[in-house]
Structure formats: structure tokens, C-alpha cells
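The chain contents come next:
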Amino acid sequence: MPANELPGKRLSASRNGHIQTAKTPPKNGIIIPMKRIKKIPEPNPNTEKKLLQSGWQRLREPRSLKLAIALALPIGFVLMALAAWWTAWLFPQSVRFLKELQVTITLDFWLVAYIFGTFGYLFLHEMLHAAAVPGGLRSKKTYWGLNGFFGFVYSEEEISKARYIVVALLPLLLLSFAVPLACWLLGWYSDYLWFLWIINAGGACVDVLNVILIACQVPRGGLTRSNGAQTFYRPSN
């Protein structure tokens, strides 16, 4: 919810305002991409009131994205270390790259490639979140956004606890663990790919924070629902 996103995701969710697909799918079956929003919308007081009156409860979570990111940073370092260990086990040569890595700022092809690759991987990360939300990329209640190196997917769909965890962890598990394994099986490796795998793992820190909050507070089989940066939950029945 992912950089990613408060439990409202935010889904985030990663990483949760308004992004959506076309109202009516085109006859040729092509999916019209979800709409992009600049930021997660502000909570709607009327929606909050209706949810509370309907038996939904407010999730105890960070009150701002900045606070969530600050709390999730240690998680990000742990995730990057795990991804580095996993890729080092698959590709011992990545250890050499890490030892030789020097922080230099040079405007050359590889600097541009790393920047664009990071944006591309970030976009893919968010689209995986969106695809796993109920309704997928056709959902009329799901939206996405990219602000610099911060991406998010926001959905107002009702999402089960188990589904929420899948939505939040899918980009991390696929892009930082499953993809390296697939590359190892195919005999593919480059330092550039290694960089993307590790950055993606670190960017999933808020997603993992959200999973911890949901796992600890939402009852088994419960449902979650976002209202801006607020997350609500209730039992399934």
C-alpha cells in the first residue's frame, strides 16, 4: 500500500481517493486505464458518520502519511536486507556489486536508466496492488497516483482481511522475491535488475506496516473499507 500508502491505501496498501476504470467497458474488450489522482482524498465526514452508524470501527493507525512513512522506515531497511540476502543467495555476484557500489552523481546513460527504471518498477508495483483489489483494474472505486518517488493505490471497495493482506504484499513478493527467482532459473542477472529488486522491497515498507495493523486489529474474516486516509473495519456478518 504499499512507498507506499496508509491502510486506506491507500489500498497501502501498500499502500486507497478515487481512481477507476471506464464506466462501461468498450465493446472490443480493451480495459480503459484507471483514472489518476494527485493525492489520497480527504476523509468525507458524512461517509465516516454513516460507517460508524453501520457498525464499522475505525482502525488505529498513523494519522498522517508522513508519520506512517517514519514508522515504516525500519521495516523498509529490514525488507531491503531480506531482499539483498535472497538475491545474494541466488546470485553471489550481487555481493561484488554491493561492495563496489559508490555513490556518485554523473549524468550519463545509466543514471537516466536507473531513474526511469525506478519509476517503471514503481508504476508496476502500484498496478499489481490495483489488479488484486476486488474488481481489479475495472473497479469504479479504485484510483492510482504517482507523486515523485511516492506511489499509491486508493480504493473504496470493501476488502476482506485476507484479500487486503494479499493486495498489500503482492508487489513485494512478486517483484522482489519471485522475479529474482525466475531470473535465476533463466540464468539472467544484472546489477541494474538487482537495484530495482532492492528498491522495490524498501518501497513496500508502508504496505507491510498496513498488514501488521490489519492483522492485529481486524477479526478473522472481517472486512475493511477506506474513507480517505481513514480505514474502517467490521466483522463479515
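As shown above, the structure is provided for reference.
Residues numbered from 1 in each chain as written. Predicted model: local features only at pLDDT ≥ 70, side-chain atom pairs only at ≥ 80, totals over all residues. Heavy atoms only, no water.

### Examining the packing of aromatic side chains
Here the structure, examined in full by the defined rule, presents six aromatic pairs. Taking the centre distance of 5.8 Å and the plane angle of 20 degrees together, the rings of Trp86 and Trp89 count as stacked. Highlighted residues: Trp86 and Trp89, both in helix 2 (residues 65–90), separated by three residues, approximately one helical turn. Among the aromatic residues, those joined into a cluster by ring pairs are Trp86, Trp89 and Trp184. (Phe/Tyr/Trp six-rings, centres within 6.5 Å; stacked < 30°, edge-to-face > 60°. Helix = DSSP H or I, 4+ residues; strand = E, 2+ residues; numbered from the N terminus.)

### Some remarks on the packing of helix 5 (residues 161–186) against helix 7 (residues 205–217)
Viewed as axis vectors pointing N to C, helix 5 and helix 7 meet at an angle of 160 degrees, and their least axial separation amounts to 9 Å. The angle between helix 5 and helix 7 falls in the class roughly antiparallel. For the element pair helix 5 and helix 7, the recorded crossing hand is left-handed. Residues Lys161, Tyr164, Ile165, Ala168, Leu169 and Leu172 of helix 5 form the contact with helix 7, whose own contacting residues are Asp207, Val208, Asn210, Val211, Ile214 and Ala215. A breakdown of the residues in the contact of helix 5 with helix 7 according to their chemical character gives nine nonpolar, one polar and two charged. (Axes fitted to C-alpha atoms, helices over the stretch in contact; angles between N-to-C directions. Parallel < 35°, antiparallel > 145°, perpendicular 65-115°, else oblique. Left-handed = near helix turned anticlockwise from the far one by under 90°. Contact = heavy atoms within 4.5 Å. Nonpolar A, V, L, I, M, F, W, Y, C, P; charged D, E, K, R; others polar.)

### Some words on the nonpolar core
Formed by 37 residues in total, the largest nonpolar core has its most connected members in Leu79 and Trp197. For this core, the secondary-structure elements that each account for two or more residues are helix 2, helix 4 (109–132), helix 5, helix 6 (191–203) and helix 7. Among the elements that line this core, the one with the most residues is helix 2, at eight residues. When near neighbours in sequence (up to four residues on either side) are disregarded, Trp197 contacts Thr87, Phe91, Tyr121, Leu175, Ser176, Val179, Pro180, Cys183 and Tyr189. Counting seven residues, the second largest nonpolar core, distinct from the first, contains Met34, Leu122, Trp144 and Val153. (Core = buried A, V, L, I, M, F, W, Y, C linked by side-chain atoms within 4.5 Å. Buried < 20%, exposed > 50% of the residue type's maximum accessible area, 1.4 Å probe, protein only.)

### Thoughts on helix 6
Count 3.6 residues to each turn of an α-helix, and residues three or four apart come out pointing the same way. With 13 residues, helix 6 should cover 18 Å at 1.5 Å per step; its first-to-last C-alpha distance of 18 Å lies within 8% of that length. Listed as buried for helix 6 are Asp191, Trp194, Leu196, Trp197, Ile198, Asn200, Ala201, Gly202 and Gly203. (Expected span 1.5 Å × (residues − 1).)

### Remarks on the pattern of salt bridges
Applying the stated criterion to the full structure yields two salt bridges. Between Glu61 and Arg58 there is a salt bridge; the shortest N-O distance is 4.0 Å. Glu61 gets classed as buried once you look at its relative accessible area, which sits at 9%. Among the residues examined, Arg58 registers a relative accessible area of 26% and is labelled partly exposed. Put simply, Arg234 and Glu158 hold a salt bridge, and the shortest N to O gap is 3.7 Å. With Arg234 in strand 6 (residues 230–234) and Glu158 in the loop between strand 3 (150–155) and strand 4 (159–160), this residue pair connects regions lying 76 residues apart in the sequence. Accessibility expressed as a relative area gives 41% for Glu158, which makes it partly exposed. (Salt bridge = Lys/Arg side-chain N within 4 Å of Asp/Glu carboxyl O.)

Honestly, it's all geometry; don't read function into it.
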